[in-house]
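Descriptive structure summary
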Amino acid sequence: MVKPVENKYLLTRTEYGIYSEEMKRPGTTVYNLPHFLYLGTDISVERLEDAVRKTFEAHPYLKIRLFADENGYVYKRQEEGDVEIDLVDVPSKDFDRRSFVRPFELLQEPLYRVMILRIQEEVCLFTDFHHIIFDLTSQMIFYRDLSRAYQGEALQKEEKTGNDVSVEEAAMRETVAFAEAREYYRSVFEGIELESVPFQDRNEETEEVEVFDYPVTRLDIEGVRNFSHEAEVRISTIFNAAFGYVLAGLANTPDSLYMTVFNSRNQEMADTVGMFVKTYPVYCNPVAYKDCREYLKALESQVDSSRKYSVYSFADACEELKIHPRVLFAYQGKLVQNHYEFNGRL
């Protein structure tokens, strides 16, 4: 790992964006990533605790701390101490899970919490990582390695860490590649003045829905796959194109502007934990094309270019190009995983 002087790392633009948003909303838990892993009654608490420690040693980036220097600039510092694990006895299985999810004091404490809960005869592992250091892929990596460590396997320390990514990004932003990325974003998004908000409530009095899970039962999945193959575009492009089209209609405009995300990991980061999901804007103008296939091809080309030039961050685009997409659409395909295998069982 490349270490700068004084163990002082810049936040990536993605990490800083999350930090900045949370500082605007003190006390929020929107960037917490809590998970309860129920392990049954035949689990050794001592082995589990040891497995957690070994997993953290394999992924030391989870121990980073944030600090502000004398000028108020926020940096990361790699900590080398032992991981903090709390053992908690819970008297009833009907405990309030929400009470375990608390806001993080970003400059005052680690960006993780680990508790081993003894709930009567059952053992449950509770983890809560801040989104600055963790994403969904990191969660899958963490629980995969935790299971391996519990079963006695030796874990391989990750070769590339989030601190290495910070160093690389900072260097890249000083090159001609960053200037090229800025020029691309200007060519697509400069001058777009859209908010694209459905059912706009200017008084912001509309009741907010925290979670809405709607199972799609009338979608011909095989038909979508066949059309994707025939049109030579990704399935994600089809859903993005459909979303942009519907959003434009709900906003009563011919075009739409929203934001989406992608996993910026490469093969070198396959086993790296950190926050590597990047946000980027998407502009849809379906009426500008002669047919659906032309619209899909153009949108896929835009998405590919936006990802290619992602060194120019979403924050850069918002600040310099004065665009303000307010709706996020994320097509995750098979990425979502709520259950993890542990010790050979789900």
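Here we summarise the structure given alongside this text.

Criteria and thresholds
Residues numbered from 1 in each chain as written. Predicted model: local features only at pLDDT ≥ 70, side-chain atom pairs only at ≥ 80, totals over all residues. Heavy atoms only, no water. Helix = DSSP H or I, 4+ residues; strand = E, 2+ residues; numbered from the N terminus. Buried < 20%, exposed > 50% of the residue type's maximum accessible area, 1.4 Å probe, protein only. Contact = heavy atoms within 4.5 Å. Lys, Arg positive; Asp, Glu negative; His and termini not counted. Charge placed at Lys NZ, Arg CZ, Asp CG, Glu CD. Pairing = 2+ DSSP bridges. Core = buried A, V, L, I, M, F, W, Y, C linked by side-chain atoms within 4.5 Å. Axes fitted to C-alpha atoms, helices over the stretch in contact; angles between N-to-C directions. Left-handed = near helix turned anticlockwise from the far one by under 90°. Parallel < 35°, antiparallel > 145°, perpendicular 65-115°, else oblique. Salt bridge = Lys/Arg side-chain N within 4 Å of Asp/Glu carboxyl O. Patch = residues over 30% accessible without salt bridge, like charges linked within 9 Å, V, L, I, M, F, W, Y side chains within 5 Å. Areas by Shrake-Rupley, 256 points an atom, 1.4 Å probe, with all protein chains shown as cover. Expected span 1.5 Å × (residues − 1). Arc of directions from axis to C-beta.

**A look at the overall build of the protein chain**
From N to C terminus, the protein chain includes 9 helices and 9 strands. Evaluated residue by residue, the protein chain yields a buried proportion of 44% over its 346 residues. Counting contacts in the protein chain only where the partners sit at least 6 residues apart, residues at least 24 apart contribute 75% of the total. Within the protein chain, one finds 40 positive and 60 negative side-chain charges whose respective centroids are separated by 2 Å.

**Remarks on the sheet that holds strand β1 (residues 9–10)**
Taken in spatial order, the 3 strands of this open sheet run β1-β4-β3, and their pairing is antiparallel. Pairing within the sheet leaves two strands with one partner each, and these edge strands are β1 and β3 (65–68). One ladder, built from 2 bridges, connects β1 with strand β4 (residues 74–77); its direction is antiparallel. What sits directly across from Leu 10, in β4, is Tyr 75.

**Regarding the nonpolar core**
Among the nonpolar cores identified, the biggest contains 42 residues, and Leu 48, Phe 56, Leu 125, Ile 133 and Leu 146 are the most heavily contacted of them. Mapped onto this core, the elements with two or more residues apiece are α1 (13–24), β2 (32–40), α2 (45–58), β6 (112–119), β7 (122–130) and α3 (136–150). In contact with Leu 48, other than residues within four places in its own chain, are Leu 39, Ile 43, Ile 116, Val 123, Leu 125, Tyr 150 and Phe 342.

**Observations regarding unusual backbone geometry**
Across residues other than glycine, the phi torsion is negative in most instances, and most of the peptide bonds are trans. Phi is positive for Ser 196, close to 50°, though the residue is something other than glycine. Checked against the element boundaries, Ser 196 lands in the loop between α5 (176–189) and α6 (221–231). A positive phi angle, close to 60°, is found at Asn 252, a residue other than glycine. Relative to the helices and strands, Asn 252 is located in the loop between α7 (235–250) and β8 (256–263).

**Re the packing of α5 against helix α8 (residues 292–308)**
Interhelical geometry of α5 versus α8 gives an angle of 150° and a closest axis separation of 10 Å. Here α5 and α8 pass one another in a crossing that is left-handed. Contact residues: Tyr 184, Tyr 185, Val 188 and Phe 189 in α5; Gln 302, Ser 305 and Ser 306 in α8.

**Quick notes on the sheet that holds β2**
The strand order across the open sheet formed by 4 strands is β2-β7-β6-β5, and the pairing between neighbours is mixed. Of all strands in the sheet, those bounded by a partner on one side alone are β2 and β5 (86–90). In this sheet, adjacent strand axes meet at a mean angle of 20° when their direction is disregarded. The sheet contact formed by β6 and β7 spans 8 bridges and is antiparallel. Looking across to β7, one finds that Tyr 112 is bridged to Phe 129. Sitting on the sheet, α2 is in contact with β2, β5, β6 and β7, with an inclination near 170° to β6.

**Quick word on the packing of α2 against α3**
Where α2 meets α3, the closest approach of the two axes is 8 Å, and the angle between their N-to-C directions is 130°. By the angle between their axes, α2 is oblique relative to α3. Of the two possible hands of crossing, α2 and α3 adopt the one that is right-handed. Each of Arg 47, Leu 48, Ala 51, Val 52, Lys 54, Thr 55 and Phe 56 in α2 lies in contact with α3, whose residues at this interface are Phe 142, Asp 145, Leu 146, Ala 149 and Tyr 150.

**With respect to the pattern of salt bridges**
Evaluation of the coordinates by the stated rule reveals 27 salt bridges. Asp 82 is paired through a salt bridge with Arg 53; the nearest N and O atoms lie 3.0 Å apart. With Asp 82 in the loop between β4 and β5 and Arg 53 in helix α2, this pair connects stretches of sequence that are 29 residues apart. Look at Asp 82 and you get exposed, because its relative accessible area is 54%.

**Remarks on the environment of Val 165**
For Val 165, the location among the structural elements is in helix α4 (residues 162–172). In this structure Val 165 comes out as buried when scored by relative accessible area, which is 14%. Residues Val 165 and Ala 315, spaced 150 residues apart in sequence, show a C-alpha to C-alpha distance of 18 Å. Every residue in contact with Val 165, bar those within four places of it in the chain, is listed here: Thr 12, Lys 160, Met 269 and Phe 276.

**Comments concerning a nonpolar patch on the surface**
The grouping of Phe 212, Tyr 214, Val 216, Leu 219 and Ile 221 at the surface amounts to a nonpolar patch, some 570 Å² of accessible area in total. By the element assignment, Leu 219 lies in the loop between α5 and α6.

**Regarding α8**
Across its 17 residues, α8 extends 24 Å between first and last C-alpha, which sits within 8% of the 24 Å expected from 1.5 Å per residue. Where α8 is concerned, the buried positions are Tyr 295, Leu 296, Leu 299, Glu 300, Gln 302, Val 303 and Ser 306. Down the axis of α8, the buried side of the element spans an arc of 160°, and every buried residue falls inside it.

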